Amino acid sequence: MKYEFHKIESKWQKKWMDEKVFAAQNGGDKPKYFTLVEFPYPSGNGLHVGHARPYTAMDVVSRKKRMDGYNVLFPIGYDAFGLPTENFAIKNHIHPKLVTEKNVNHFREQLISLGYSFDWDREICTTDPEYYKWTQWIFLQLFKKGLAYKAKMPVNWCTSCKCVLANEEVVDNACERCGSPVVRREKSQWMLKITEYAQRLIDDLDDLDFIERVKIQQRNWIGRSTGAEIDFETTAGDKLRVFSTRPDTIFGATYMVISPEHAMLDKWMESLENAEEVKAYKALAAGKSDFERTELNKEKTGVTLKGVSAINPVTGENIAICVSDYVLATYGTGAIMAVPGHDERDWEYAKKFGFPIIEVVKGGNVEEAAYTDTEDGVMVNSGFLDGMHVTEAKKTITKWLADKGIGTEKVNYKLRDWVFSRQRYWGEPIPVIHCEKCGYVPMDESQLPLLLPEVDSYEPTDNGESPIAKMRDWVETTCPCCGGPAERETDTMPQWAGSSWYFLRYMDPKNDEALASEEALKYWNCVDWYNGGMEHTTLHLLYSRFWHKFLYDIGVVPTKEPYAKRSSHGMILGEGGEKMSKSRGNVVNPTDIINQYGADTMRLYIMFIGDFEKAAPWSSDAVKGCKRFLDRIWNLGQQAKGATGEEYSKENEASIHRTIKKVNDDILDMKFNTGIAALMSLVNEFYDKGVSRGDMKALLLMLSPYAPHIAEEIWEILGFKGMCCTQAWPEYDESKTVEAEKTMAVQVNGKLRSTITVATDSDDQAVIDAACADPKIAKMMEGMQLVKTIVVKNKLVNLILKPQA
RNA sequence: GCCGGUGUGGCGAAACUGGCAGACGCCCGGGACUUAAAAUCCCGUGCGGGGUAACCCGCGUACCGGUUCGAUCCCGGUCACCGGCACCA
């Protein structure tokens, strides 16, 4: 009988599907386990090997957990709103709904063909109105709690397409589609107050089982820093507030800088002697793109205000106020006290514009360069702070400022509020109505979902509005508040909206009264293990933690955090080690591999390719090795056919027990590659020593999470009952794995010289005697003196020899 | 610049975090089977050197140094590559 993988694979895929083998139950005696993979964006290109790696890994984990007796929820869906689909629709004059449907069908087929054990009854799609109804519902709750608001924000404007672009569409300051320059424009946008959750998003990381680099990256992204806000008196009579992490260096503050967008500037403008110059600078800064403004090594520019200056509160000296775009309007207070002696940027500016540079922390040479390595420094030229260590000085000055009522401790975050609107068609409509009288009014929840209107053209409009804005009979409505004429919001939500809560919907996907029932939410609690790409660390992962915390606050979900554990996979690179891309022509299509070698080989190879967390280059040769391995197992199965009994053979028993432990541990540690290596070694031993039906049973059970189809087929051929994938994981007996004898290394002065075989757990003296008795060692010991011995049980003995005196 | 990570044979990688470096797989070489080839099975395979030989001797985990009986693993320094952030005061 030949190993006909095509037949076998479609046979079992159909059985699993028909018998709903992997359907999760919302309840029951078994402990629950929720495994999650990032649901795919159903692009026209179909599934990529980049999907196969994390999906196979979590499928292996899910299958293993089922064998361990868990009620496993392993769901899948599609994150289908988004630009590529919309762009395809524009180009081909076809409704994005139809494009999505076609792509989803293709993805589903491919996912099934890989043998993934998804619960297909819980499949979801973010573009389904029954789904986005709840995305809109969550938005309304955010709006009602004041966490969604409208604000004027700079947006990316493509000068050629005459439309607003999402940040992802801007590559190197140019439009991704047409290559024309992108400039900033002010536009009113919906924003979500994620910053309100900044501290909790940092604090709650501590208790989560996330891989460390994810935690670090999130913390850095949120970017907490502590310091003080200090008010400087100005000659205009008002105060200029600054934020500084180094209030201790205030004696060195020789001038101040405010950002070109700072509100004070307009206030002062009339009294400025050089108002024209300042206005010109403001206009210049406004015309620059983000990219130009933040460009590195750019020479600092700025204008000193004439007619307004400030007073340094500790020195009482009059200091200049400058406007410069090296100070950002969006961080802190948009104004700084410049301490050129100890800040590189201030130093550079002061050198160029001739401001005094004062050393206030001992150690460097501030005439040469800013001295910033001041953590352990001592204060100088700082009045009452002189001689203090910087940490003491910080405390002292903060208290001094507080006592005077001109300064307070302050924490700042780099994290910004989330720009939540897109001027696009293919997204969830924002369910808010604008009324001249009542302002922004939430839609009545009972009216949800607010369906996307049918439009004639999906092209963005010339004025940067969503194509929906053209649908006047959709836009024009009545105000739910006063009943007067009003207009609907025409912006749609970003792609991140639907993916911020999708895991909750899996718990109860068909519920039409709530995003999921309370019982389902309680039962599944949170995701036990979520695997996904590092590229989602600071967007999707952070956004969904934010939404979840909000839902927790309003009593919808029972947990503070959505994901108990987060792991991340490395990228699959092209054959030569460079990134896979269409333009390089090195993209591997999983379907091609399945056609040539079968899904089991594909799955096995993608898990065997290397360390799961690291990038790994594809190798079509190495794929063959995995196919060969399955062929060998198939042959073993043929050999065992017709045999009876379920005992392990004496010859293989110890190896089987050892392998059970190894494969078990490696799956839970995500060391799939070494787990497979252990299975390969076991198969090699079976070839050596022969195989019993019982030996095969153990092998098939261990193989089934990785290569489930062939495991089922041989399982059936050998006449075992039920399906392999519904069996319990084989038991492992430590006592059966210990060998009677151990080969130990013998070192002389730390160098390996020989090996000896001794009884396991021999005592040290017996080992030393055996080592000395070894002919090679005995020869080396001639004329030498044994000064020391080190024995590591069952591993090695090291003899320290010295020439005899 | 800052924050992470990585560096091991011809290649992908292992090594219970201080104890026989290179498991497993690919490639390659040899043999068996075959009229032949493919497939399959068996054997070999870090580098250099010595021996007719079973074997023996050096050198080897990016580089330099340190700690240790013993270092891929710990410490100090250097270099290279990858990822993230980047005028965040």
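See the structure shown above.
Read on for a plain summary of the structure. Model, not experiment: these values are computed from the prediction.

1. Regarding the packing of aromatic side chains
Tallied over the full model, the rule gives 45 aromatic pairs. An angle of 10° between the planes, with centres 5.6 Å apart, marks the rings of Phe 139 and Phe 420 as stacked. A residue pair is termed long-range when its members are at least 10 positions apart, and Phe 139 in helix H5 (residues 129-144) and Phe 420 in the loop between strand S18 (418-419) and strand S19 (432-435) qualify at 281 residues. By the burial criterion, Phe 139 is buried, and Phe 420 matches it. Each residue in the set Phe 139, Phe 143, Trp 190, Tyr 197, Trp 418, Phe 420, Tyr 440, Trp 496, Tyr 543, Phe 546 and Trp 547 is aromatic and connected to the rest through ring pairs, giving one cluster. Here the basic side chain of Arg 63 rests over the ring of Trp 16, its NZ or CZ set 4.7 Å away from the ring centre. Directly above the ring of Tyr 326 sits Lys 300, whose terminal nitrogen or CZ lies 5.4 Å from the centroid.

2. Some details on the pattern of salt bridges
Applying the stated criterion across every chain, the model contains 45 salt bridges. Measuring nitrogen to oxygen at the nearest pair gives 2.7 Å for the salt bridge that ties Lys 14 to Asp 18. Of this pair, Lys 14 and Asp 18 are both found in helix H1 (residues 5-18), four residues apart, which corresponds to roughly one turn of the helix. With relative accessibility at 53%, the residue Lys 14 sits in the exposed group. Among the charged side chains, a salt-bridge network with shared partners connects Lys 11, Lys 15, Glu 713 and Glu 716.

3. Some remarks on the sheet that holds strand S28 (residues 751-759)
With mixed pairing, the four strands of this open sheet are ordered in space as S28-S27-S30-S29. Taken across any chain shown, the strands that pair with only one partner, and hence form the sheet edges, are S28 and strand S29 (784-792). On average, each strand axis in the sheet is tilted by 25° relative to the strand beside it, whichever way the strands run. Relative to S28, strand S27 (residues 741-748) is paired through eight bridges, and the arrangement is antiparallel. Bridge pairing in S28 places Lys 742 opposite Val 758.

4. Here we look at helix H23 (residues 708-717)
For H23, a buried count of eight out of ten residues is recorded, marking the element as mostly surrounded by other parts of the structure. Among the residues of H23, those classed as buried are Pro 708, His 709, Ile 710, Ala 711, Glu 712, Glu 713, Ile 714 and Trp 715. On the buried face of H23, the contacting elements are H1, helix H2 (49-67), helix H18 (599-608), helix H19 (620-640) and helix H22 (693-703). Just beyond H23, the residue with positive phi is Gly 719, at close to 80°.

5. Focus: the environment of Lys 150
Tracing the backbone through its elements, the reader meets Lys 150 in strand S5 (residues 148-158). It is 5.3 Å that separates the C-alpha atoms of Lys 150 and Gln 189, two residues lying 39 residues apart in sequence. Apart from the residues within four sequence positions on either side, Lys 150 is in contact with Ser 188, Gln 189, Trp 190, Tyr 440 and Glu 489. Among the polar contacts listed, one links the side chain of Lys 150 to the side chain of Tyr 440, at a separation of 3.4 Å. At a separation of 3.1 Å, a polar atom in the side chain of Lys 150 contacts the side chain of Glu 489.

6. Points about the packing of H18 against H23
Contact geometry for H18 and H23: axes closest at 7 Å, N-to-C directions at 125°. By the angle class used here, H18 and H23 are oblique. Packed against H18, whose contacting residues are Ala 599, Asp 600 and Arg 603, the element H23 presents Pro 708, His 709 and Ile 710 at the interface. Each residue belonging to the contact of H18 with H23 can be placed in one class, and the counts come to three nonpolar, one polar and two charged.

7. Remarks on the side chain of Ser 421
Structurally, the position occupied by Ser 421 is in the loop between S18 and S19. For Ser 421, the side chain forms a polar contact with the side chain of Gln 189, separated by 2.7 Å. In terms of polar contacts, Ser 421 uses its side chain to reach the backbone amide nitrogen of Trp 190, at 2.8 Å. The contacts of Ser 421, once residues within four sequence positions are left out, are Gln 189, Trp 190, Ile 430, Asp 491 and Thr 492.

How each quantity is defined
Numbers given for residues are sequential positions, taken from 1 along each chain in its written order. Chain A is the first chain written and ligand 1 is the first ligand written, with later ones labelled in order. Restriction of local features to residues with pLDDT of at least 70 applies here, the model being predicted, together with a cutoff of 80 or more for giving and counting side-chain atom pairs; totals for whole chains, interfaces and linings are based on all residues. For the side-chain quantities, the full set of heavy atoms in the structure was used; hydrogens and water were omitted. Here a Phe, Tyr or Trp ring, Trp counted by its six-membered ring, pairs with any other such ring whose centre lies within 6.5 Å, and the pair is stacked when the planes are under 30 degrees apart, edge-to-face when over 60, and tilted otherwise. A run of DSSP states H or I qualifies as a helix once it reaches four residues; a run of E qualifies as a strand once it reaches two. Both are numbered from the N-terminal end. Only protein chains enter the calculation, and the probe is 1.4 Å; a residue is then buried if its accessible area is under 20% of its type maximum, exposed if over 50%, and partly exposed in between. Two conditions define a charge sitting above a ring: the NZ of Lys or the CZ of Arg must be within 6 Å of the ring centre, and it must be within 35 degrees of the ring normal. Between Lys or Arg on one side and Asp or Glu on the other, a salt bridge is scored when a side-chain nitrogen of the former is within 4 Å of a carboxyl oxygen of the latter. In this analysis, strands are considered paired if DSSP registers two or more bridges between them. Helix axes are fitted to C-alpha atoms over the stretch in contact, other axes to C-alpha atoms as well, and angles between N-to-C directions run from 0 to 180 degrees. The contact criterion used throughout is that any non-hydrogen atoms of two residues lie within 4.5 Å. Polar contact is defined as a pair of N or O atoms within 3.5 Å, subject to the rule that within protein one atom must be able to donate a hydrogen and the other to accept it, and that residues adjacent in sequence are counted only when both atoms are side-chain atoms. In what follows, roughly perpendicular refers to angles from 65 to 115 degrees, roughly parallel to angles under 35, roughly antiparallel to angles over 145, and oblique to any angle outside these ranges. For this classification, Asp, Glu, Lys and Arg are treated as charged, while Ala, Val, Leu, Ile, Met, Phe, Trp, Tyr, Cys and Pro are nonpolar and the rest, including Gly, are polar.

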